[in-house]
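Now for the letters of each chain:
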Amino acid sequence: MCEHVIAFCAGGLNHAFMARILLIAACFALTACAQAPKQVDAPEMVAPSSDQLRPKVRPAGLGRVVPKEARTVEEFDVTTAQEREEAAAVPVATVEKRLGLTVASLGDPTQAGFWIKTPLVSAAGKGRVVYPGTGKSVQVYMTPIEGSGSAGSRLSLAAFRLIEAPLTELPEVEVFSGG
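Predicted model only: the values in this text are computed from it and were never measured. (Residues numbered from 1 in each chain as written. Predicted model: local features only at pLDDT ≥ 70, side-chain atom pairs only at ≥ 80, totals over all residues. Heavy atoms only, no water.)

Enquirer: So what about the pattern of salt bridges? Which residues, and what values?
Expert: As enumerated under the stated definition, the model contains five salt bridges in all. Of the charged contacts in the structure, one is a salt bridge between Glu-96 and Arg-128, with a shortest N-O distance of 2.8 Å. Here Arg-128 lies in strand E3 (residues 125-131) and Glu-96 lies in the loop between helix H3 (81-88) and strand E1 (97-106), a separation of 32 residues in the sequence. Taking the relative accessible area as the measure of exposure, Arg-128 reaches 12% and is therefore buried. (Salt bridge = Lys/Arg side-chain N within 4 Å of Asp/Glu carboxyl O. Helix = DSSP H or I, 4+ residues; strand = E, 2+ residues; numbered from the N terminus. Buried < 20%, exposed > 50% of the residue type's maximum accessible area, 1.4 Å probe, protein only.)

So, in structure tokens, the structure goes:
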């Protein structure tokens with residue numbers, strides 16, 4: 001029986017020893033796989049030439065930036081009183097085409113100006129939005145978005161305020177192109 005115990009202990013010792021050797025070999029194999037990242041040279045900065053085209057400021061944004069510290073509706077709406085007056089004016093002798101009704105949600109409040117993003121148009125252009133709840137209208141810059149004609153639209157904060165639509169609701173507005 002003593003011989004069996006000795007043989008058992010010797011086998012156990014070999015097993016533990018072999019397990020350690022395999023563990024060490026596995027660690028070496030993994031470290032060999034890790035390589036230092038290659039240094040990639042940053043692209044050289046090139047100053048734009050004077051004849052190069054530059055992006056234009058979109059009419060929807062008025063070229064203004066909402067302050068980062070803006071917290072209230074008044075702080076987010078950076079339109080001037082004169083701009084609000086001009087946007088509220090109903091075009092007199094223009095040809096408008098009624099595009100239909102759409103449910104308007106509040107668009108990005110950090111994008112200044114009077115605009116609507118709607119699937120009712122296929123090309124950007126001028127238009128007008130009327131809120132039947134108050135009868136007030138606003139001239140807007142229209143931008144097409146993907147979706148069916150029955151999908152909703154996004155209306156700017158300034159436009160929401162001018163037509164006196166509730167900011168916390170999804171009002172239905174009437175959209176016209178032209179103007």
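Moving on from the model shown.
Enquirer: Outline the sheet that holds strand E4 (residues 136-144), listing residues and values.
Expert: Strand pairing within a sheet occurs via backbone hydrogen bonds; the two strands may be parallel or antiparallel. Strand order in the closed barrel formed by six strands is E1-E5-E2-E4-E3-E6, and the pairing between neighbours is mixed. Within the sheet, the average angular offset between the axes of one strand and its neighbour, ignoring direction, is 40°. By the bridge criterion, seven bridges tie E3 to E4 in an arrangement that is antiparallel. Bridging across to E4, Gly-127 finds its partner in Val-140. (Pairing = 2+ DSSP bridges. Axes fitted to C-alpha atoms, helices over the stretch in contact; angles between N-to-C directions.)

Enquirer: Mind laying out the confidence of the model for the protein chain, listing which residues take part and the relevant values?
Expert: Summing up the model confidence of the protein chain, the mean pLDDT is 78 and the portion of residues at 70 or higher is 65%. Scored below 50 in pLDDT, residues 56-60 makes 10 contacts in the model with residues more than four places away or belonging to other chains. (pLDDT = per-residue confidence, 0-100. Contact = heavy atoms within 4.5 Å.)

Enquirer: Break down empty space enclosed by the protein for me, citing the residues and quoting the values.
Expert: The probe, sized like a water molecule, is rolled over the atoms to show the empty space still left. As enumerated under the stated definition, the model contains one cavity of 30 Å³ or more in all. Put simply, the largest cavity is a space of about 40 Å³. Taken together, Phe-76, Asp-77, Val-78, Pro-109, Gln-111, Ala-112, Gly-113, Ser-156, Leu-157 and Ala-158 make up the lining of the largest cavity. When grouped by side-chain class, the residues that make up the lining of the largest cavity number six nonpolar, three polar and one charged. (1 Å grid on protein atoms, 1.4 Å probe; cavity = no way out; pocket = protein on both sides within 12 Å on 5 of 7 lines; lining within 4 Å. Points joined across faces, edges and corners; volume = space filled by probe spheres on them. Nonpolar A, V, L, I, M, F, W, Y, C, P; charged D, E, K, R; others polar.)

Enquirer: How would you summarise the side chain of Ser-177 if you had to cite specific residues and measurements?
Expert: Residue position: Ser-177 is located in strand E6 (residues 172-177). Residue Ser-177 is classed as buried on the basis of its relative accessible area of 19%. Leave out the neighbours within four places in its chain, and Ser-177 touches Val-95, Glu-96, Lys-97, Leu-99, Lys-126, Gly-127 and Met-142.

Enquirer: Account for the nonpolar core, with residues named and values stated.
Expert: Of all hydrophobic cores here, the largest spans 20 residues; its most connected members are Phe-114, Val-129, Val-138, Val-140, Leu-155 and Ile-163. Listing elements by their share of this core, those giving two or more residues are E3, E4, helix H4 (157-162) and E6. (Core = buried A, V, L, I, M, F, W, Y, C linked by side-chain atoms within 4.5 Å.)

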